[in-house]
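Summary of structural features
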Amino acid sequence: MNLWQHYLRAGNVTEALQALSSAPGPACLIAGGTDLMLDLQQGRHAPLHTLVDITTIPEMTALEIRQGELYIGAAVPLSRIACSTLVLEHAQALVEACNLIGGPQVRNMATLGGNVAHALPAADGTIALMALDAEAEIADLERRRRVPLSDLFAGPGQSALRTGQELLVGFYISLRASHQSSAFKRFMRAQGIALPILNLSIWLERQADRIADVHVAVGPSGPTPRRITPVEDSLRGQIFRPAACFHALNVLLDNVHFRTSPYRASTEYRQQLVEVLLKDTLDIAWQRADF
Ligand SMILES: Cc1cc2nc3c(=O)[nH]c(=O)nc-3n(C[C@H](O)[C@H](O)[C@H](O)COP(=O)(O)OP(=O)(O)OC[C@H]3O[C@@H](n4cnc5c(N)ncnc54)[C@H](O)[C@@H]3O)c2cc1C
């Protein structure tokens, strides 16, 4: 059986959306195909009439400073983000996350938009974007809108985008100011074959010896990718010292229910790992924010 019948390479966003809505059978966007192809081949996704390829749409492959923000098109491959000095300067956590996803072949094909649209609670690029407080630009045939990343998820592996009517155009991230920084770390089995056992990303702003502001995202820590705001509240305004981290860890454990996964890790193992991840990532972000 054919997994799809028609493959169309869209030249712009409107063309992609029109192709989706006018297809005579089920249609789907395809970017790198690293998730979608496996889902089709392994029967988790029903066969499609039309695949709409978005990887050559210029505004979706742009990576640039746009009106005072860092803009990363949704179809930018992860390997390009991992090597970008611009992203390194303003969103180091995202560079670190993209460098850890899959192996080189996966990173050459996989896109940031696909990582977000697939909506897995521990997707590495997504967790880094959450900590960076990124916004997504969404397009349908009528309009464009910008939403916080957290609005994009409906459940595990379920995007909140309207199927066949909306697409992710790109992501906006605030430029890094002095004394701000970000970091991403994860635990995983052999790299290249699996999602992480646990990942954690932090953005922070430092003011002398205090944490002036902080964002903390942990995956998988619930049905959707998310920030752990009680942890942020417990750290904000605190003097950076071990006691603050210890308290934040307790708050984190009170606010997150780690699941036991037969393929990855038990609840107890994840609870142990998160202590190391939180401390290490906080330390790194703190040191980086020293200028
Ligand atoms: C061997 C292997 C290892 C992996 N390791 C990791 C890992 O360590 N960490 C990790 O996070 N992920 C990992 N992944 C998952 C995967 O590579 C990512 O989720 C990838 O970023 C998906 O992007 P893509 O461009 O390939 O998406 P595709 O497969 O093309 O699309 C995925 C879904 O998103 C939709 N979509 C794509 N782009 C858009 C858009 N712009 N707007 C709306 N919908 C869109 C598609 O319609 C489809 O439903 C791995 C995958 C493989 C095969």
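What you see is a predicted model; the values in this text were computed from it and never measured. (Residues numbered from 1 in each chain as written. Predicted model: local features only at pLDDT ≥ 70, side-chain atom pairs only at ≥ 80, totals over all residues. Heavy atoms only, no water.)

For the protein, the count of helices and strands is 11 helices and 14 strands. For the protein, the C-alpha radius of gyration of 19 Å lies close to 19 Å, the compact-globule estimate for 291 residues. Reported as C-alpha extents along the three principal axes, the dimensions of the protein are approximately 60 × 45 × 30 Å. Expressed as a percentage of its 291 residues, the buried residues of the protein come to 50%. Within the protein, counting contacts between residues at least 6 apart in sequence, those at least 24 apart form 61% of the total. Within the structure as shown, the protein displays about 13200 Å² of accessible surface, and the carbon and sulfur contribution to it stands at 51%. Side chains of the protein carry 25 positive and 28 negative charges; the gap between the two charge centres is 4 Å. (Helix = DSSP H or I, 4+ residues; strand = E, 2+ residues; numbered from the N terminus. Rg over C-alpha atoms; globule rule 2.2 N^0.38 Å. Buried < 20%, exposed > 50% of the residue type's maximum accessible area, 1.4 Å probe, protein only. Contact = heavy atoms within 4.5 Å. Areas by Shrake-Rupley, 256 points an atom, 1.4 Å probe, with all protein chains shown as cover. Lys, Arg positive; Asp, Glu negative; His and termini not counted. Charge placed at Lys NZ, Arg CZ, Asp CG, Glu CD.)

We now examine helix 1 (residues 13–22). Three or more residues of helix 1 are buried, namely V13, A16, L17, A19 and L20. Along the axis of helix 1, the buried positions cluster into a sector of 160°, meaning they face one direction only. Two or three places before T14, at the opening of helix 1, N12 has a side-chain oxygen 3.2 Å from that residue's backbone nitrogen. (Arc of directions from axis to C-beta. Polar contact = N/O pair within 3.5 Å; in protein donor to acceptor, adjacent residues only side chain to side chain.)

As a further point, take the site of the ligand. The full set close to the ligand counts 30 residues, and L29, T34, D35, T111 and D124 are the nearest of them. Within the contact set of the ligand, an oxygen atom lies 2.6 Å away from a side-chain nitrogen or oxygen of D35. L168 places a main-chain nitrogen or oxygen 2.9 Å from a nitrogen atom of the ligand. A total of 1000 Å² of accessible area belongs to the ligand in isolation, and the protein chains cover 89% of it. Those elements that provide at least two residues to the shell around the ligand are strand 2 (27–30), helix 2 (36–41), helix 7 (112–117) and strand 10 (167–174). Residues that form the shell around the ligand fall into these classes: 19 nonpolar, eight polar and three charged. (Near = heavy atom within 4 Å. Nonpolar A, V, L, I, M, F, W, Y, C, P; charged D, E, K, R; others polar.)

Two orientations exist for strands paired in a sheet by backbone hydrogen bonds: parallel and antiparallel. The strand order across the open sheet formed by five strands is 4-5-10-6-7, and the pairing between neighbours is antiparallel. The open sheet has two edge strands with one neighbour each: strand 4 (63–66) and strand 7 (144–148). Taking each pair of neighbouring strands and ignoring which way they run, the sheet shows an average axis angle of 30°. Note: strand 6 (residues 135–139) against strand 10, five bridges, orientation antiparallel. Residue E137 lies in a different strand from strand 10, and its bridge partner there is G170. Lying over the sheet, helix 1 contacts strand 6, strand 7 and strand 10, oriented at roughly 140° with respect to strand 10. (Pairing = 2+ DSSP bridges. Axes fitted to C-alpha atoms, helices over the stretch in contact; angles between N-to-C directions.)

In this fold, E166 is placed in the loop between strand 9 (158–159) and strand 10. At 2.7 Å, the side chain of E166 and the side chain of R145 are in polar contact. Of the polar contacts made by the side chain of E166, one reaches the backbone nitrogen of R162; its length is 2.8 Å. Those residues in contact with E166, other than ones at most four positions away along the chain, are L17, L29, I138, A139, D140, R145, A160 and L161.

Here the focus is the packing of helix 10 (residues 242–255) against helix 11 (residues 267–288). For the pair helix 10 and helix 11, interaxial distance at closest approach is 10 Å and the crossing angle is 135°. When the interaxial angle is binned, helix 10 and helix 11 end up oblique. Seen from above, helix 10 lies across helix 11 with right-handed handedness. For the pair helix 10 and helix 11, the contacting residues are C245, A248, L249, L252 and L253 in the first and Q271, V274, E275, L278, K279 and L282 in the second. Tallied by class, residues from the contact of helix 10 with helix 11 come to eight nonpolar, one polar and two charged. (Parallel < 35°, antiparallel > 145°, perpendicular 65-115°, else oblique. Left-handed = near helix turned anticlockwise from the far one by under 90°.)

At a minimum axis separation of 8 Å, helix 5 (residues 92–100) and helix 8 (residues 124–131) run at an interaxial angle of 170°. Between helix 5 and helix 8, the angle is such that the two are roughly antiparallel. Taking contact as the criterion, the partners of A93, L94 and A97 in helix 5 are, on helix 8, D124, G125, A128 and L129.

Before going further, it helps to spend a moment on unusual backbone geometry. Across the junction of G219 and P220, the peptide omega takes the value -5°, indicating a cis bond. Among the secondary structure elements, P220 is positioned in the loop between strand 13 (210–219) and strand 14 (226–227). The residue Q67 is not glycine, and still its phi comes out positive at about 45°. Mapping Q67 onto the fold places it in the loop between strand 4 and strand 5 (69–73).

Function-wise, these values are silent; they only describe arrangement.
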